[in-house]
Amino acid sequence: MIPVKVEEKLFQNRYRVDAGRPHINIIDSATCKTECKTQECTVCCPAGCYTAEGNGQVVLITDGCLECGTCRIICSTYRNVAWEYPRGGYGVLFKFG
Ligand code: SF4
């Protein structure tokens, strides 16, 4: 059996982006900057959708989201993430799932 890296497996997935209608939104970005000290979403998202900027802001780009729901429950500022599944026909297409 040939070992395969997780990154290579994730690359097999395909995404249909719903342009202009992200299915996840940060409700109050100021809260991420001023109240959240740990910004877990920037570490725990398996797709790397959250990025910690140098100025304390958190940037969310949902392209490539695996729809795992981790960011929905891990937000330490309690429900600062508005989360829903993408509209039908959009989102991740798992090749092996
Ligand atoms: Fe990342 Fe999962 Fe949240 Fe998508 S649902 S942004 S993959 S943590």
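So, here is what we can say about the structure in this document. (Residues numbered from 1 in each chain as written. Predicted model: local features only at pLDDT ≥ 70, side-chain atom pairs only at ≥ 80, totals over all residues. Heavy atoms only, no water.)

### Regarding the pattern of salt bridges
At step 1: In total, this model carries one salt bridge according to the counting rule given.
At step 2: Salt-bridge contacts for Asp-18 lead to Arg-87; the nearest nitrogen and oxygen are separated by 2.8 Å. Note that Asp-18 is positioned in the loop between β1 (14-16) and β2 (24-26) and Arg-87 in the loop between β5 (81-83) and β6 (91-93), a separation of 69 residues in sequence.
At step 3: Residue Arg-87 is classed as partly exposed on the basis of its relative accessible area, which comes to 37%. (Salt bridge = Lys/Arg side-chain N within 4 Å of Asp/Glu carboxyl O. Helix = DSSP H or I, 4+ residues; strand = E, 2+ residues; numbered from the N terminus. Buried < 20%, exposed > 50% of the residue type's maximum accessible area, 1.4 Å probe, protein only.)

### Here's the deal with the state of the cysteines
At step 1: This structure, assessed with the given rule, holds zero disulfides.
At step 2: In this structure Cys-49 is a free cysteine whose sulfur lies 4.0 Å from that of Cys-45, the closest cysteine sulfur available.
At step 3: For Cys-49, a relative accessible area of 6% gives the class buried. (Disulfide = S-S within 2.5 Å.)

### Considering the packing of aromatic side chains
At step 1: Tallying each qualifying case throughout the model produces one aromatic pair.
At step 2: Ring centres of Trp-83 and Tyr-85 lie 4.9 Å apart, and the angle between their planes is 80°; on these two criteria the pair is classed as edge-to-face.
At step 3: Look at Trp-83 and you get buried, because its relative accessible area is 11%.
At step 4: Accessibility expressed as a relative area gives 55% for Tyr-85, which makes it exposed.
At step 5: Across the ring face of Phe-11, the terminal group of Arg-14 is positioned such that the distance to the ring centre comes to 5.8 Å.
At step 6: Lying over the aromatic face of Tyr-90, Arg-16 brings its terminal NZ or CZ to 4.7 Å of the ring centre. (Phe/Tyr/Trp six-rings, centres within 6.5 Å; stacked < 30°, edge-to-face > 60°. Lys NZ or Arg CZ within 6 Å of the ring centre and 35° of its normal.)

### A short note on the side chain of Glu-67
At step 1: Structurally, Glu-67 is set in the loop between β4 (58-60) and α4 (70-74).
At step 2: Buried charge without a partner: Glu-67 forms no salt bridge, and the closest opposite charge is Arg-72, 11 Å away.
At step 3: Separated by 3.1 Å, the side chain of Glu-67 and the backbone nitrogen of Val-92 make a polar contact.
At step 4: Those residues in contact with Glu-67, other than ones at most four positions away along the chain, are His-23, Trp-83, Tyr-85, Pro-86, Tyr-90, Gly-91 and Val-92. (Lys, Arg positive; Asp, Glu negative; His and termini not counted. Polar contact = N/O pair within 3.5 Å; in protein donor to acceptor, adjacent residues only side chain to side chain. Contact = heavy atoms within 4.5 Å.)

### Brief notes about the nonpolar core
At step 1: In this structure, Ile-24, Cys-32, Cys-41, Cys-45, Cys-49, Tyr-50, Val-58, Leu-60, Cys-65, Cys-71, Val-81 and Trp-83 together form the largest nonpolar core, which totals 12 residues.
At step 2: Residue assignment for this core shows that the elements contributing at least two residues are β4 and β5.
At step 3: Not counting the four nearest positions on each side in its chain, Trp-83 is found in contact with His-23, Ile-24, Glu-67, Gly-69, Cys-71 and Arg-72. (Core = buried A, V, L, I, M, F, W, Y, C linked by side-chain atoms within 4.5 Å.)

### A few points about the environment of Trp-83
At step 1: On the secondary structure map, Trp-83 appears in strand β5.
At step 2: Put simply, Trp-83 and Gln-57 are 26 residues apart on the chain and 19 Å apart in space, counted from C-alpha to C-alpha.

### What to know about the side chain of Gln-39
At step 1: Checked against the element boundaries, Gln-39 lands in the loop between α2 (29-34) and α3 (41-44).
At step 2: Ignoring sequence-local partners within four residues, the contact set of Gln-39 consists of Cys-32, Ala-52, Gly-56 and Val-58.

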